[in-house]
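Tertiary structure, described
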Amino acid sequence: MELSICLILALVLTFIVSAFFLLHSWASPKEMSIIPGNLGWPIVGESLSFISEFSSPSGIYSFMRRRQQRYGKVFKTSVLGRFTVFLTGKEASKMLLGGKDGMVSLNLFYTGQQVLGPTSLLQTTGEAHKRLRRLIAEPLSVDGLKKYFHFINNLAVQTLEQWPGRTVLVHDEASTFTLKVIGNMIMSLEPTGEEQERFRANFKIISSSFASLPFKIPGTAFHNGIKARDRMYAMLDSTISRRRNGNGYQQDFLESLIRKHSKEAEGKDDDGKLTDSQLKDNILTLLIAGHDTTTAALTWLIKFLEENPTVLEQLREEHMEIQANREGGANLTWSEVNNMPYTTKVINETLRRATILPWYSRKAAQDFEIDGYKIKKGWSLNLDVVSIHNDPEVFPNPQKFDPSRFDEPLKPYSFLGFGSGQRMCPGNNLAKLEISVFIHHLVCGYKWRALDRDDSVRPTLVRMPRSKYPIVVEPL
Ligand code: HEM
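Residues numbered from 1 in each chain as written. Predicted model: local features only at pLDDT ≥ 70, side-chain atom pairs only at ≥ 80, totals over all residues. Heavy atoms only, no water.

Observations regarding the overall build of the chain
Scanning the chain from N- to C-terminus turns up 18 helices and 10 strands. Taking 476 residues into account, the globule formula puts the C-alpha radius of gyration at 23 Å, and the chain, at 24 Å, falls close to it. Taking the principal axes of the C-alpha coordinates as reference, the chain spans close to 90 × 60 × 50 Å. The buried share of the chain, reckoned over its 476 residues, is 51%. (Helix = DSSP H or I, 4+ residues; strand = E, 2+ residues; numbered from the N terminus. Rg over C-alpha atoms; globule rule 2.2 N^0.38 Å. Buried < 20%, exposed > 50% of the residue type's maximum accessible area, 1.4 Å probe, protein only.)

Focus on the packing of helix α11 (residues 221-244) against helix α12 (residues 253-261)
It is at 11 Å that the axes of α11 and α12 come closest, and there the two elements cross at 60°. Considering the angle they form, α11 stands oblique to α12. With respect to the hand of their crossing, α11 and α12 are arranged in right-handed fashion. Touching Leu236, Thr239, Ile240, Arg243 and Arg244 of α11 are Leu254, Glu255 and Ile258, all from α12. Partitioning the contact of α11 with α12 into residue classes produces 4 nonpolar, 1 polar and 3 charged. (Axes fitted to C-alpha atoms, helices over the stretch in contact; angles between N-to-C directions. Parallel < 35°, antiparallel > 145°, perpendicular 65-115°, else oblique. Left-handed = near helix turned anticlockwise from the far one by under 90°. Contact = heavy atoms within 4.5 Å. Nonpolar A, V, L, I, M, F, W, Y, C, P; charged D, E, K, R; others polar.)

Structural notes on helix α9 (residues 170-187)
Over its 18 residues, α9 runs 26 Å from end to end, which matches the ideal 26 Å to within 8%, given 1.5 Å per residue. The element α9 is largely enclosed, with a buried count of 16 among its 18 residues. In the stretch just after α9, serine 188 is the one whose phi turns positive, near 55°. (Expected span 1.5 Å × (residues − 1).)

Things to note about the side chain of glutamate 53
Within the fold, glutamate 53 resides in helix α2 (residues 47-54). Look at glutamate 53 and you get buried, because its relative accessible area is 12%. With residues near it in sequence (within four places) discarded, glutamate 53 still touches Gly59, Ile60, Ser62, Phe63 and Arg66.

Some points on the UniProt feature "binding site: heme" (unreviewed entry) in the chain
Mapped onto this numbering, the UniProt entry annotates "binding site: heme" (unreviewed entry) at Cys425. Tracing the backbone shows cysteine 425 in the loop between α17 (385-389) and α18 (428-445). In this view, cysteine 425 contacts Arg133 and Phe418; residues no more than four positions away in its chain are not counted. (UniProt positions renumbered as here; feature names shortened; annotations may be inferred.)

Brief notes about the packing of aromatic side chains
One pass over the structure, following the stated rule, counts 15 aromatic pairs. Taken together, a centroid distance of 6.4 Å and an interplanar angle of 55° make the contact between phenylalanine 50 and phenylalanine 54 tilted. With phenylalanine 50 and phenylalanine 54 both in helix α2 and 4 residues apart, this pair spans about one turn of that helix. Comparing phenylalanine 50 with phenylalanine 54 shows no difference in burial state: the two are buried. Seen from their ring centres, phenylalanine 395 and phenylalanine 406 are 6.5 Å apart, and the 35° between their planes marks the pair as tilted. (Phe/Tyr/Trp six-rings, centres within 6.5 Å; stacked < 30°, edge-to-face > 60°.)

Encoded structure:
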């Protein structure tokens, strides 16, 4: 009797395993067989080693390096529920980022697509994408950002005044700072109060649903994210209608879109303006794309400075000199913040060393060839940026934090901190402004010490220190 139960179990197990492998080989794109690499186990593919290496201090670099040594610069794998081809190097970057318009599109996860809405900049291509980029270019240009400088400057000073005398989790503080900046810039939200709290609570839920599992049932991150997105859109709707009724005029991003670019209802003549839903989808897109990235950059930068005292000293010299040359101890000025050459190099080196977005995801919109491999329409492609940023021929001793690497201009596609080509980050001026202002006040007024040397990273799309980087702070 026991023997027959064992036999039945063995048969069932064999059936399940065979069905898994059959399903796996049936689902994997046939033409991908010409690409070297390993698709791993059915369903999970190579996700387990990918995720575990993602969280290690070197991140996915070791996952990439091992496969590149075995298969070369182009290899296939199956991670995070996708059959995908990873590519690296100059030619792949040039094709995927700077190639012909319409050759590739962004490849968001299903949940990200649903949360952001169909008209988000991240989901448009060709002319529609170019038009949206033009609309946001002016308010995010260096000149367009000038009107937010005082808010950012005051907020940085007030945030730092709260730091001495307690354990500071740099990541959480940076997150609050960057969210307040973008909330003010987009819709003139005050840094404190009930509206700010609602905005913050909804944003946090949306943000954690962005790359969650695709089950929209009550209680799941995805379901909660869609609900929070609806609440956020209701907040925007009421602000838009207040503004249209002539109340609460503000000189912010929302106002510039309402006045110059929005039409009140769907279905009007297409005069190139945005509908309200396009407007909301794209405001949410800026929030999602700009918040975690800037938070991570600021956190890594403060960590790298503490670990590299000579860099900190040189940076402090730049800022002390700016302060010393200022008349009558007045506050940081707009022209000063735009003239911080060493700070710019420190920011670039932070983005290289941390590689906050380790790969850039695309979907082939047509057949084409890269590095001698035929890529087929519909394939998922990932540009491995970590390997580009750790290329010892371009960045000798790549693990070293050395801003002098940026003393001379680098060759195109060797540094991709803000990406390149049609999808290069439109928020890069804002991110640099926030970081430069914050760092100015930090290094001029304070010294700090790390409480944790844990170098592991959270397994999220944007690379952040797992420990949130706890420090103690004293006035200088
Ligand atoms: C240090 C902070 C930031 C970093 C490291 C960063 C990095 C990047 C990178 C690498 C890309 C291109 C990704 C790709 O090609 O797949 C990108 C795109 C984008 N970024 Fe940023 N970003 C930062 C801050 C911001 C801010 C503050 C905003 C908005 C206010 C923003 C908005 C966007 C948007 C909307 C896109 C998509 C552009 C498009 O598809 O055309 N980013 N960012």
